[in-house]
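Commentary on secondary and tertiary structure
So you can see what is in the structure, the chains are spelled out below.
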Amino acid sequence: MNQPLSEYLVYLNNELHFGPSRQKLSQYCNETPTYVYDLDFIKQRYLHLQSPWPLAEIHYAMKANAHPEILRTLQKAGAGVDTVSGGEIQRALENGFKPNQVVFSGIGKTIAEIDYAIDQNVEQINVESLPELQRIADRAKLKNKKATVAFRVNPNVDIKTHPYIATGLHENKFGLEISAWPEIRDILKRNTDTLNFVGLSMHLGSMMLELDGFHEALKKYKTFFQEIRRDGFAISRFDIGGGLGINYQKQNLLEESELLGQYVEIVKSVTEGMDIELQLEPGRWIVAHGGVLISEIQYVKETPYKNFLILNTGMHHLIRPSLYEAYHGIYPMVYDQARKNKKYDVVGPICESSDFLAKDRYLQESRAGEFVVIADAGAYGARMASDYNLQKRPLEICF
Ligand SMILES: Cc1ncc(COP(=O)(O)O)c(C=O)c1O
């Protein structure tokens, strides 16, 4: 068969090929499950996202995938980086990012991490609570330095995503309430020698596929931004976070471009005339399509109730299906026209019933020893992997 499954997964002579350069995936079959990343594809995704706003700063959210080669590729392409731990800051600096390209987010920054960020002079610390703000001021005072801060605001808006990846509602642990402004202002006024307040940040959650909530949040955020300016703070940075969704099921890049177009229109219409420096923190949109996970079928177990494909990968390498009931396309490495399709639960070796990659999925009749390819695994895959059950961690290979 010569047939495209999507723009970036294609059967050529019955073998699965990946990426715009059509790499034959069977060359990456290993005994250990293997993530394969297409660096050029990832760079193209970044450039595509970046092109509508040449003046914005795009801080790639490296939690999605912190592979050093991916970081170096994006840094060379012009990206900055959004980090959420001292470890991420360190890895970003080791891979070419300059301190003034690093934003430090996250709700649980320790003293050691704040000290490190201040010592390294990172571009901006996105603050998520009043005690954190006070801690940053105190640490900067000890060092006789000024820390550059922006506030992550929680606008209490529903973006209609899985509850575990929604972050912009009152019930979520993220961000400062707009109503906390009087207390924030007091801390700022008491600490003018240590805090350099530059703007607001927001991140509503991940996998936004419809943008009404985003639009509503942006308008609230603009009103708050203007109120702060009226209070005499000359802020300029407007960090709209990440969260733009991708299409795991349809794998349709054109539809994603259209969604990006709507996103750009909304941001431009809300921010027009505001005289701001726009910042973004996308993760998934840049890297998800650029990675696949390759795994070997260990057993085909058929019972009167279910058919199972038991792989040597599972929730310990790709936890998204177990954690968020997320969908990933799964395809045989080699297509065999003579075989019928059969319904399978595709599961891993881990001793948990939540260890599955797909349920009731139709795949060609499969055999032990054959390989399958799990698509769109470039974001929140390897980075969330563990060695649970003392299984081997996955390999990661870039081309
Ligand atoms: C603060 C922050 N910014 C950006 C992102 C990136 O989100 P996404 O990968 O959905 O673009 C995240 C993800 O959780 C985040 O927590």
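This one's a predicted model, so the numbers in the text were calculated from it and none came from an experiment.

Before going further, it helps to examine the overall build of the chain. Secondary structure summary: the chain contains 10 helices and 21 strands in total. Here the C-alpha atoms of the chain give a radius of gyration of 23 Å, agreeing with the 21 Å that 2.2 N^0.38 yields for 399 residues. Along the first, second and third principal axes, the C-alpha atoms of the chain reach 75 × 45 × 40 Å. Taking as baseline every contact in the chain between residues at least 6 positions apart, the subset at least 24 positions apart corresponds to 69%. As presented, the chain carries roughly 17000 Å² of accessible surface, and 48% of it is formed by carbon and sulfur atoms. Counting 44 positive and 50 negative side-chain charges, the chain places the averaged centre of each group 1 Å from the other.

A separate point is the packing of helix α3 (residues 86–94) against helix α4 (residues 111–119). Between α3 and α4, the least distance of the axes is 9 Å, while the angle of their chain directions is 30°. Classed by the angle they form, the pair α3 and α4 counts as roughly parallel. Within the contact between the two elements, α3 uses Gly86, Ile89, Gln90 and Leu93 and α4 uses Glu113, Tyr116 and Ala117. Tallied by class, residues from the contact of α3 with α4 come to four nonpolar, two polar and one charged.

With that settled, consider α4. Looking at α4, one finds that the buried residues are Glu113, Ile114, Asp115, Ala117 and Ile118. Those residues of α4 that are buried lie in contact with α3, β8 (102–104), β9 (124–127), α5 (130–143) and β10 (147–154). Where α4 terminates, the next one or two residues include Asn121, which has phi positive at roughly 55°.

So, about the domain arrangement of the chain. Here the domain parsing of the chain yields domain 1 (3–37 + 289–398) and domain 2 (106–280). Inter-centroid distance (C-alpha atoms) of domain 1 to domain 2 is 36 Å. Counting residues at the interface gives 15 residues for domain 1 and 11 residues for domain 2. Interface area for domain 1 against domain 2, summed over the two sides, is near 1200 Å², with a carbon-plus-sulfur share of 55%. By the criterion of area lost to domain 2, the three top residues of domain 1 are His289, Tyr324 and Tyr327, representing 44% of everything that side buries. Remark: the boundary between domain 1 and domain 2 carries zero salt bridges. Taken together, the residues of the side of domain 1 that touches domain 2 sort by class into eight nonpolar, three polar and four charged.

What follows concerns the pattern of salt bridges. Under the definition given, this model contains 18 salt bridges. We note a salt bridge from Lys63 to Asp82, for which the minimum N-O separation is 3.6 Å. Of this pair, Lys63 sits in the loop between β6 (57–61) and α2 (68–77) while Asp82 sits in strand β7 (residues 80–83); the two residues are 19 residues apart in sequence, bridging distant segments of the chain. Looking at Asp82, the relative accessible area reads 2%, which means it is buried. A salt bridge links Lys342 to Glu365, with the nearest nitrogen and oxygen atoms 3.7 Å apart.

Definitions and cut-offs
- Residues numbered from 1 in each chain as written.
- Predicted model: local features only at pLDDT ≥ 70, side-chain atom pairs only at ≥ 80, totals over all residues.
- Heavy atoms only, no water.
- Helix = DSSP H or I, 4+ residues; strand = E, 2+ residues; numbered from the N terminus.
- Rg over C-alpha atoms; globule rule 2.2 N^0.38 Å.
- Contact = heavy atoms within 4.5 Å.
- Areas by Shrake-Rupley, 256 points an atom, 1.4 Å probe, with all protein chains shown as cover.
- Lys, Arg positive; Asp, Glu negative; His and termini not counted.
- Charge placed at Lys NZ, Arg CZ, Asp CG, Glu CD.
- Axes fitted to C-alpha atoms, helices over the stretch in contact; angles between N-to-C directions.
- Parallel < 35°, antiparallel > 145°, perpendicular 65-115°, else oblique.
- Nonpolar A, V, L, I, M, F, W, Y, C, P; charged D, E, K, R; others polar.
- Buried < 20%, exposed > 50% of the residue type's maximum accessible area, 1.4 Å probe, protein only.
- Domains from an automatic or database assignment.
- Buried area = accessible area lost by both parts, 1.4 Å probe.
- Salt bridge = Lys/Arg side-chain N within 4 Å of Asp/Glu carboxyl O.

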